[in-house]
Amino acid sequence: MDQFQAIINDVCELVRRHAHPRRNTIAVSQEVAALLDAIKTSDTASRLDDLSKQVAGCTKCELSKGRTQTVFGTGNTRAELVFVGEGPGAEEDRQGIPFVGDAGQMLTSIIERGIKVKREDVYICNVVKCRPPGNRNPKPDEMAACEPYLFQQLELIRPKVICALGATAASCLLRLPEARVGQLRGKWHWYKDIPVRVTYHPSYLVRQKNEPDKLQDAKAKVWADIRAVIRVLNGEEPPEP
Ligand code: URA
């Protein structure tokens, strides 16, 4: 990013935070704020687009050999909330869109029925952008090769809060190779200066569907985590880094 663009981005961020319909806490009109925001939004969208083209041609690890296509990310490029999963499954590999299989339906329900926003209003992506064969977990060298793409996505979107879905996303974002969701959930963590809430991967919920007690327990925990995310989005719980 050149220095001029970095300054524009900082100004846009500042103005967006301070623009208010009634209180003039900063000496620019809402029109100016909207204009500056539009500059930033189109810059973010075009940089993400460039990055997704780079990812589409990536051959840095073995996963690239088995993919139908890369699965970069989907949603609002200026989302306040980003969900990070593990990696594409069969359906995601076929469609090129994250979380569109069974786990995806569960995630969509969490977003639309739980948080009560549209799926398109948040941003959804994964640690690895190519499908691990047989839906195995990505290996450490595959994660290491792919994670710079995720980090660039987060740098561009700069969400207010990140929700890490499962141990792979938690271990990548929090630099904890032995991450266990049970131990990490229920409190705030940090990716740089962005608060991170860890919760169970939607596939975990899908796998409990024949065990009603376990499903109930897991759902209650996910819902508690999502409520904490909502509080940050509403400005009710500003966690301190
Ligand atoms: N599981 C993930 O972690 N990501 C997807 O996109 C789908 C399933």
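For the structure itself, look to the data block above.
The structure displayed is predicted, hence computed values, not measured ones.

Student: Before we go on, may I ask you to explain the site of the ligand in this structure?
Tutor: The local shell around the ligand consists of Gly85, Glu86, Gly87, Glu92, Pro98, Phe99, Asn126 and His201. Here an oxygen atom of the ligand and a backbone polar atom of glutamate 86 are 2.7 Å apart. Measuring from a nitrogen atom of the ligand, one finds a backbone N or O atom of glycine 87 at 3.0 Å. Burial of the ligand by the protein amounts to 92% of the accessible area it has alone, namely 230 Å².

Student: Sorry if this is basic, but what is going on with the packing of aromatic side chains here?
Tutor: Here the distance between the centres and the angle between the planes together describe a pair of aromatic rings. Under the defined criterion, the tally for this structure stands at two aromatic pairs. Note on phenylalanine 151 and tyrosine 191: the rings are 5.5 Å apart at their centroids and 25° apart in plane angle, and the pair reads as stacked. Of this pair, phenylalanine 151 sits in helix H6 (residues 140–157) while tyrosine 191 sits in strand S5 (residues 188–191), and the two are 40 residues apart along the sequence. By the burial criterion, phenylalanine 151 is buried, and tyrosine 191 matches it. Look at tyrosine 200 and tyrosine 204: their rings are 4.8 Å apart centre to centre, the planes differ by 25°, and that puts the pair in the stacked class. What makes tyrosine 204 partly exposed here is its relative accessible area of 28%. When the ring centre of tyrosine 149 is taken as reference, the NZ or CZ atom of lysine 60 above it lies at 4.6 Å. Here arginine 197 stacks its cationic end above the ring of tryptophan 188, 4.6 Å away from the centre of that ring.

What counts as what
- Residues numbered from 1 in each chain as written.
- Predicted model: local features only at pLDDT ≥ 70, side-chain atom pairs only at ≥ 80, totals over all residues.
- Heavy atoms only, no water.
- Near = heavy atom within 4 Å.
- Polar contact = N/O pair within 3.5 Å; in protein donor to acceptor, adjacent residues only side chain to side chain.
- Areas by Shrake-Rupley, 256 points an atom, 1.4 Å probe, with all protein chains shown as cover.
- Phe/Tyr/Trp six-rings, centres within 6.5 Å; stacked < 30°, edge-to-face > 60°.
- Helix = DSSP H or I, 4+ residues; strand = E, 2+ residues; numbered from the N terminus.
- Buried < 20%, exposed > 50% of the residue type's maximum accessible area, 1.4 Å probe, protein only.
- Lys NZ or Arg CZ within 6 Å of the ring centre and 35° of its normal.

By themselves, these observations are geometric and do not establish any function.
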